[in-house]
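# Structural characterization, general
So you can see what is in the structure, the chains are spelled out below.
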Amino acid sequence: MTGGSPVRESLSAAQARRVALAAQGFTDRLHARPTLRTLVRTVGRTGVLQIDSVNVLQRAHYLPLFSRMGPYDTGLLDRASGRAPRRLVEYWAHVAAFMPVDLWPVMAHRMRHYREQGHDWAAIKHRPELVDSILATVRAEGPKTARDLDDGLPRTRDHWGWNWSESKKALEYLFAAGELAVARRNSAFERVYDLPERVLPREVLEVPEPSREDAQMELVRRAARSHGVATERSLADYYRMRGTDTRVAVRSLVEAGELQPVTVEGWRQPAYLHRDARIPRRVDACTLLSPFDPVVWERARAEAMFGFHYRIEIYVPAPRRVHGYYVLPFLLGDRLAARVDLKADRASATLLVHAAYAEAHAHAPGHVADRLAQALGDLAQWLGLTRVLVHPRGDLWRPLSDALGAVV
């Protein structure tokens, strides 16, 4: 740990939570007006921003920035990832995600794997002439979407979310293989593909490719920095690495003194503390987290860290949902104190709270409701919504509606 702190062999559950939240940026000083520099600092904490197309509230990659920076201009992220000089670029880092551009060379071993093996779910390796033709078209004509290359051909909707044309499959293969990069997303949230040399800064492309072993170690190093304290499984999950590769990297980083083995109260598995991790005396967070936020995206870690059993229920039939369609955890202090099912009804400029539930350890539901009302008001204002309405579902709905003074 920093500042000459003594070596630790164990952490309490509360210390582990504070370490993790500090590593994720929840103790950073808020800027009165977040700037591009604020955004870069924040992504330096999270490492990646997971991308998801669901837009019932706000697209997933915008929300972790709001949770850490407060209300900000979403155009900052669009600028950082869609205009030169880019600070962020898309790749399969966790899943589909924005990552700092300097991770592009570190991902070269994954790109080479896709070039050699083909992209299983793209299923176009048997059509190399199509791949070559599309790459040549982009090189000659500039950025393209799959729709541009399809020339308006209709696509069926037999399989929601995966109705890819042959052009789209080829583009995705070339993207995974590093032959193409994503220049930006268009207004329909479609990827716009271009050559890497026209997307990434030259200094990034000129970095020598690290060995596979060095790349794996760098990914684990970054995962450990973003987690603060984590099990081997959590370190592997951050950049979706194989367990064997993670284990080798962890061993090297322990030997180098970058990771310290520790036990954490209540955790079944050994953990590793990053040498730069801080243990703040307290964390004063009061914000909502995306279902795809790094704090909760690994559900087993969220349960071990916060005692928070969490499952996203978007794909669960409505009668079988426990908490709702798009449920966000509420972070209060260093605990996940509640969860709310939210929808932005843009037609009526209303943030709808379909359900609100307090967690069992939230001993003062009135206080939780008051702080949650504050967080919901901030979220609504950021989304350009003028009111918040609460439906009568969940054990927290009544105190929350009282705190908001708006009941459906």
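Analysis parameters
Position labels on residues start from 1 in each chain and follow its written sequence. Reporting of local features is limited, given that this is a predicted model, to residues whose pLDDT is at least 70; pairs of side-chain atoms are given and counted only at 80 or more, and all residues count toward the totals for whole chains, interfaces and linings. Calculation of side-chain values draws on the structure's entire complement of heavy atoms; hydrogens and water are dropped beforehand. Going along the chain from the N terminus, every DSSP run of H or I of four or more residues is numbered as a helix, and every run of E of two or more is numbered as a strand. Pairs of residues are marked as contacts when any of their non-hydrogen atoms sit within 4.5 Å. Note on scores: pLDDT gives the predictor's confidence for each residue, bounded by 0 and 100. One fewer than the residue count of a helix, multiplied by 1.5 Å, yields its expected span. Note on exposure labels: buried denotes an accessible area under 20% of the residue type's maximum, exposed denotes more than 50%, and partly exposed covers the range between, all computed with a 1.4 Å probe on protein chains only. Only centres within 6.5 Å qualify two rings of Phe, Tyr or Trp (six-membered ring in Trp) as a pair; their planes then separate them into stacked at under 30 degrees, edge-to-face at over 60, and tilted for everything else. Only when the NZ of Lys or the CZ of Arg is both within 6 Å of the ring centre and within 35 degrees of the ring normal is a charge said to sit over the ring. Any carboxyl oxygen of Asp or Glu within 4 Å of a side-chain nitrogen of Lys or Arg constitutes a salt bridge here. Criterion used throughout: strands pair if DSSP finds at least two bridges between them. In this text, buried Ala, Val, Leu, Ile, Met, Phe, Trp, Tyr and Cys residues form a nonpolar core when linked through side-chain atoms within 4.5 Å. A cavity here means a set of 1 Å grid points, computed over protein atoms only, where a 1.4 Å probe fits but cannot escape. A pocket is an open set with protein on both sides within 12 Å along at least 5 of 7 lines, and lining residues have an atom within 4 Å of a point. Grid points are joined across faces, edges and corners, and a volume is the space filled by probe spheres set on the points. Gly counts as polar in this scheme, as do all residues outside two lists: the nonpolar Ala, Val, Leu, Ile, Met, Phe, Trp, Tyr, Cys and Pro, and the charged Asp, Glu, Lys and Arg.

Relative to the helices and strands, Glu258 is located in the loop between α12 (243-255) and β8 (259-264). In this view, Glu258 contacts Arg221, Leu253, Leu273, His274 and Arg275; residues no more than four positions away in its chain are not counted.

The share of residues in the chain with pLDDT of 70 or more is 92%, and the mean pLDDT across the chain is 92. A low-confidence stretch, residues 152-162 (pLDDT under 50), is modelled with 11 contacts involving residues beyond four sequence positions or located in other chains.

Between its first and last C-alpha, helix α10 (residues 212-227) extends 22 Å over 16 residues, near the 22 Å set by a 1.5 Å rise per residue. Looking only at α10, the buried set comprises Ala215, Gln216, Glu218, Leu219, Val220, Arg221, Arg222, Ala223, Ala224, Ser226 and His227. The positive-phi residue at the C-terminal boundary of α10 is Gly228, with phi of around 80°.

Relative to the helices and strands, Arg398 is located in helix α15 (residues 397-404). Exposure remark for Arg398: the relative accessible area of 51% places this residue in the exposed category. The spacing of Arg398 and Ala369 is 29 residues in sequence and 8.9 Å in space, taken between C-alpha atoms.

Per the stated rule, a full pass over the model turns up eight aromatic pairs. Summarising the aromatic geometry, the rings of Tyr91 and Phe175 are spaced 5.6 Å apart at their centres and angled 75° between planes, so their arrangement reads as edge-to-face. One end of the pair, Tyr91, is in strand β3 (residues 88-92); the other, Phe175, is in helix α8 (residues 166-176), and 84 residues separate them in sequence. For the pair Tyr91 and Phe175, one class covers both residues: buried. Here a set of aromatic residues connected by ring pairs shows up, and it is made of Tyr91, Trp104, Phe175 and Tyr193. Across the ring face of Phe189, the terminal group of Arg59 is positioned such that the distance to the ring centre comes to 4.0 Å.

Let us now look at the pattern of salt bridges. In the structure shown here, the tally under the stated rule is 24 salt bridges. A salt bridge links Glu232 to Arg247; its shortest N-O distance comes to 2.9 Å. Placement of Glu232 in helix α11 (residues 232-238) and of Arg247 in helix α12 is noted, with a sequence separation of 15 residues between them. Residue Arg233 pairs with Glu298 through a salt bridge whose shortest N-O separation is 3.5 Å. Taken together, the residues span a long stretch of sequence, with Arg233 in helix α11 and Glu298 in the loop between β10 (285-288) and α13 (299-306) at a distance of 65 residues. Take Arg233: its relative accessible area is 58%, and that puts it in the exposed class. For Glu298, a relative accessible area of 9% gives the class buried.

Spatially, three strands are ordered β2-β4-β3 in an open sheet, and the strand pairing comes out antiparallel. At either margin of the open sheet sits one strand with a lone partner, and together these are β2 (49-50) and β3. Where β3 and strand β4 (residues 96-100) come together, five bridges link them in antiparallel fashion. Of the residues in β4, the one forming a bridge with Tyr91 is Ala97.

This brings us to the nonpolar core. Counting residues in hydrophobic clusters, the biggest one holds 56 residues, and the most contacted among them are Leu57, Leu288, Phe330, Leu342 and Leu379. If sequence neighbours within four positions are ignored, Leu288 has contacts with Ser67, Leu328, Pro329, Phe330, Val340, Leu342, Leu372, Ala375, Leu376 and Leu379. Core analysis: the second largest hydrophobic core is formed by 48 residues, Leu180, Leu235, Ala249 and Leu259 among them.

This brings us to empty space enclosed by the protein. Under the counting rule described, the total for this entry stands at one cavity of 30 Å³ or more. If you add up the space inside the largest cavity, you get close to 70 Å³. Around the largest cavity, the lining residues are Ala20, Leu21, Gln24, His227, Pro294, Val295, Arg301, Met305 and Phe306. Broken down by secondary-structure element, the contributors of at least two residues to the lining of the largest cavity are α1 (13-23) and α13. Tallying contributions element by element places α13 first for the lining of the largest cavity, with three residues. The class makeup of the residues in the lining of the largest cavity is six nonpolar, two polar and one charged.

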